Structures are given as structure tokens and as C-alpha cells.
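What follows is each chain in one-letter form.
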Amino acid sequence: MSSALSPIDPNRPSAARIYDAYLGGTHNFAADRAVADRAAEILPEVPLIARANRDLLRRIVRYAAARGVHQFLDLGSGIPTENNVHQVAREVAPDARVVYVDLDPTAVLYARHLLGDDTQTAIVRGDLRQPAAILAAPEVRDLIDLGRPVAILMIAVLHFMPDGPELDAALHAYREAVAPGSLLAISHVTTNGEPEPTARIAELYNRTGTPLVVRDAARTARFFEGWRLVEPGLVPGPRWRPDDGPVSDAERYLTLAGVAER
Ligand SMILES: C[S@@+](CC[C@H](N)C(=O)[O-])C[C@H]1O[C@@H](n2cnc3c(N)ncnc32)[C@H](O)[C@@H]1O
């Protein structure tokens, strides 16, 4: 399913590589770093927000694995960095199976390199808005048993997609495809009542060809339609089951997070 998708273009900033730059990674080009630097000028917390999001991902994966969900479909998985889903999941569940999915050729290239001949993990290049193609991919069919619970991860990805019937239909299709006991995990950029910096960052991304859609809690909650949010519900990311007790300035991270069960 990758043939119609674009090749790596170092001059066109990509959301995956910009994010890698926020995290201090090396899989990015000058054009990506220029956007990352500008975003950090507008909002100096941006690298902290990205790191907090990776911490959140780790907590979500551990939560799912501890609940007995040992299959993961990570949609918009990004460029591999530390604490990748398969590594975290296997700390709790050595039999964990993970399929990463990303649209970005750089993310897919590095994930393939990282995974090598790992038989429990695979990467598929694809658009999460095409659930039929994703779910029919041989890697998904080989590794994920849709008759058993699966954790669908959409971490820091839905804010790269505009509202519309295609997105709604995709969310509906994933929900219909998975077994009871499955989980949906979402983290999403929000404004924290101060729209100005996020609007300026959205404007920056619009110019890169990967538009950013900032959503409020009510709109983000709609992504969970047909699912039941688990405690503590849809909350600022650092407040989602923190490792070290209550977090005081969680709103500052401009991220909403929730996990729901089917
Ligand atoms: C900010 S990164 C987040 C990566 C990872 N989920 C994390 O939280 O660390 C967003 C990723 O979503 C990918 N992406 C954006 N739109 C996508 C789509 N329609 N289908 C699949 N992946 C997409 C981008 O290529 C990028 O790698």
C-alpha cells in the first residue's frame, strides 16, 4: 500500500521529523529543524510537551499490557526513539505484538531498520484514514488477532487531520473491527484557554504541508464515541495516571489524553 505515497523529501518539513527534532533525535533535516526552532521560539515548552507525550505513551502501553491487552496497533507511530511501544510492552508482556503504522517514509525507514528481523513487531506504511487497507495489510493480519483485544494507539496524531466524514468513518471502522476488551488511546493538542501560541504554531505547520488542527476537550471527546473512557477520563496528558502522584501544572502541556475500552 506504499506505492502511491510520497518519497522522502528533505526540503519539505514533515510532522514526523519535526517531532524527532523536538525530542533531540537525529532523523531530521535542516528544513525540519527550522520549523522546530521557530515553534520553540513561539512556545518554549514545545520540547517538554513532546517529551511528556512520550512519557504518556509509555504509561498507556504499560497500562494496556497490565490489563492483559498484548496486541498494539500504533497509528501514527512516528520515528523510533527511546521507549518504543514494543520495548515498553514487552517489559510487561514478553509475548506482546505490535504493528506500527505511519504515513511518513522517514518514520517507516527507521522503524524497519530498528525492527530488523523481530518477528513480533512490524511497520506498515499507510494512512490511518484508510482503515480497510491498514487492517488488510499482511503485517496486521499476521500479527494482530482481531478476535482478541487490541490497543489502538492514536498518540499525537489526530491533530494532523481535519474534521470530516473520512476521519469519522475511520474511527468508526476501527471500533467495529476490534473485539470487546480492546482499548483506544488518544492524545491531542489543545489550547488550555490561551489560543494565541497554538494558533501561531498551527499557522507554522500549515505552511509546512502538515496542517495542525487544535481541538478543545469537547471535540476531542467525540473521538471516543461508542467507547467508555476509563479513569481518569479525558484529562491533561501529564494527569493521565501519573507515575509519581498529582501533577500541578499539567494544563501547561497543551495536551489532552484519554484511554477508553470497547
Ligand atoms: C507527532 S508524531 C507522534 C508520533 C508518536 N505517536 C508519538 O506520540 O511519539 C505524529 C506522527 O503521525 C504521523 N501521521 C500524520 N498523519 C498521519 C496519517 N494520516 N496516517 C498515519 N500517520 C500519520 C506523522 O507522520 C508522524 O510520524
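Before reading further, recall that the structure is shown in the block above.
The structure displayed is predicted, hence computed values, not measured ones.

Colleague: Pulling in residues and values, what's your account of the overall build of the chain?
Modeller: Assigned secondary structure in the chain consists of 10 helices and eight strands. Against the 2.2 N^0.38 benchmark of 18 Å for 262 residues, the chain shows a C-alpha radius of gyration of 17 Å, consistent with a compact globule. Along the three orthogonal principal directions, the C-alpha set of the chain runs to about 45 × 40 × 35 Å. Between the mean site of the 28 positive side-chain charges and the mean site of the 34 negative ones, the chain shows a separation of 2 Å.

Colleague: Lay out the packing of aromatic side chains in plain terms, naming residues and giving numbers.
Modeller: For the structure shown, the criterion picks out two aromatic pairs. Note on Tyr63 and Trp240: the rings are 5.4 Å apart at their centroids and 90° apart in plane angle, and the pair reads as edge-to-face. Of this pair, Tyr63 sits in helix 3 (residues 46-66) while Trp240 sits in the loop between strand 7 (235-236) and strand 8 (255-261), placing them 177 residues apart in sequence. Across this residue pair, the class does not change: Tyr63 and Trp240 are buried. Look at Phe160 and Tyr205: their rings are 5.8 Å apart centre to centre, the planes differ by 40°, and that puts the pair in the tilted class. Of this pair, Phe160 sits in the loop between strand 4 (151-155) and helix 8 (165-177) while Tyr205 is found in helix 9 (residues 195-208), placing the two residues 45 residues apart along the sequence. Residue classification places Phe160 among the partly exposed residues on the basis of a relative accessible area of 23%. Given a relative accessible area of 5%, Tyr205 falls into the buried group. Stacked on the ring of Phe223, the Lys or Arg Arg219 has its end atom at 4.4 Å from the ring centre. The cationic tip of Arg241 hangs over the ring face of Trp240; the distance from NZ or CZ to the ring centre is 5.4 Å.

Colleague: An account of the site of the ligand is needed here, citing residue identities and associated values.
Modeller: Near the ligand there are 19 residues, and of these Arg54, Gly76, Asp102, Asp127 and Ile155 occur at the shortest range. Starting from 600 Å² of accessible surface for the ligand in isolation, the protein chains cover 95%. For the shell around the ligand, the secondary-structure elements that each account for two or more residues are helix 1 (15-22) and helix 3. Here the shell around the ligand is composed, by residue class, of nine nonpolar, five polar and five charged.

Colleague: Please provide a residue-by-residue account of the nonpolar core, values included.
Modeller: Among the nonpolar cores identified, the biggest contains 31 residues, and Ile60, Val61, Phe72, Val85, Leu153, Trp240 and Val259 are the most heavily contacted of them. Among the elements that make up this core, the one with the highest residue count is helix 3 (seven residues). The residues touching Leu153, leaving out its near neighbours within four places in the chain, are Leu57, Ile60, Val61, Phe72, Leu73, Asp74, Leu75, Val85 and Ala185. In this structure, Leu128, Val140, Leu158 and Leu171 belong to the second largest nonpolar core, which totals 30 residues.

Colleague: Give me the packing of helix 1 against helix 2 (residues 30-42): which residues, what numbers.
Modeller: To characterise two packed helices, one gives the angle between the axes of the helices and the distance between these axes. Where helix 1 contacts helix 2, the axes come no closer than 8 Å and their chain directions differ by 60°. Taken together, the axes of helix 1 and helix 2 lie oblique to each other. The hand of the helix 1/helix 2 crossing is right-handed. Counted together, Arg17, Ile18, Ala21 and Tyr22 of helix 1 and Asp32, Arg33, Val35, Ala36 and Ala39 of helix 2 form the full contact between these two elements. Each residue belonging to the contact of helix 1 with helix 2 can be placed in one class, and the counts come to six nonpolar, no polar and three charged.

Colleague: Requested: an account of the side chain of Asn53, with residues and values cited.
Modeller: Structurally, Asn53 can be placed in helix 3. A relative accessible area of 7% means that Asn53 is categorised as buried. A polar side-chain atom of Asn53 sits 2.8 Å from a polar atom in the side chain of Ser187. With residues up to four places along the chain from it excluded, the contact list for Asn53 reads Tyr19, Ile155, Ala156, Ser187 and Thr255.

Colleague: Give me the lowdown on the environment of Gln130, citing residues and values where you can.
Modeller: Looking at where Gln130 falls in the secondary structure, it is placed in the loop between strand 3 (121-125) and helix 6 (131-136). According to the relative accessible area criterion, Gln130 is partly exposed, its value standing at 40%.

Colleague: I'd like a description of the side chain of Asp127, backed by residues and values.
Modeller: Within the secondary structure, Asp127 sits in the loop between strand 3 and helix 6. Those residues in contact with Asp127, other than ones at most four positions away along the chain, are Leu103 and Ile134.

Rules of the game
Residues numbered from 1 in each chain as written. Predicted model: local features only at pLDDT ≥ 70, side-chain atom pairs only at ≥ 80, totals over all residues. Heavy atoms only, no water. Helix = DSSP H or I, 4+ residues; strand = E, 2+ residues; numbered from the N terminus. Rg over C-alpha atoms; globule rule 2.2 N^0.38 Å. Lys, Arg positive; Asp, Glu negative; His and termini not counted. Charge placed at Lys NZ, Arg CZ, Asp CG, Glu CD. Phe/Tyr/Trp six-rings, centres within 6.5 Å; stacked < 30°, edge-to-face > 60°. Buried < 20%, exposed > 50% of the residue type's maximum accessible area, 1.4 Å probe, protein only. Lys NZ or Arg CZ within 6 Å of the ring centre and 35° of its normal. Near = heavy atom within 4 Å. Areas by Shrake-Rupley, 256 points an atom, 1.4 Å probe, with all protein chains shown as cover. Nonpolar A, V, L, I, M, F, W, Y, C, P; charged D, E, K, R; others polar. Core = buried A, V, L, I, M, F, W, Y, C linked by side-chain atoms within 4.5 Å. Contact = heavy atoms within 4.5 Å. Axes fitted to C-alpha atoms, helices over the stretch in contact; angles between N-to-C directions. Parallel < 35°, antiparallel > 145°, perpendicular 65-115°, else oblique. Left-handed = near helix turned anticlockwise from the far one by under 90°. Polar contact = N/O pair within 3.5 Å; in protein donor to acceptor, adjacent residues only side chain to side chain.

Read these as spatial facts, not as claims about activity.
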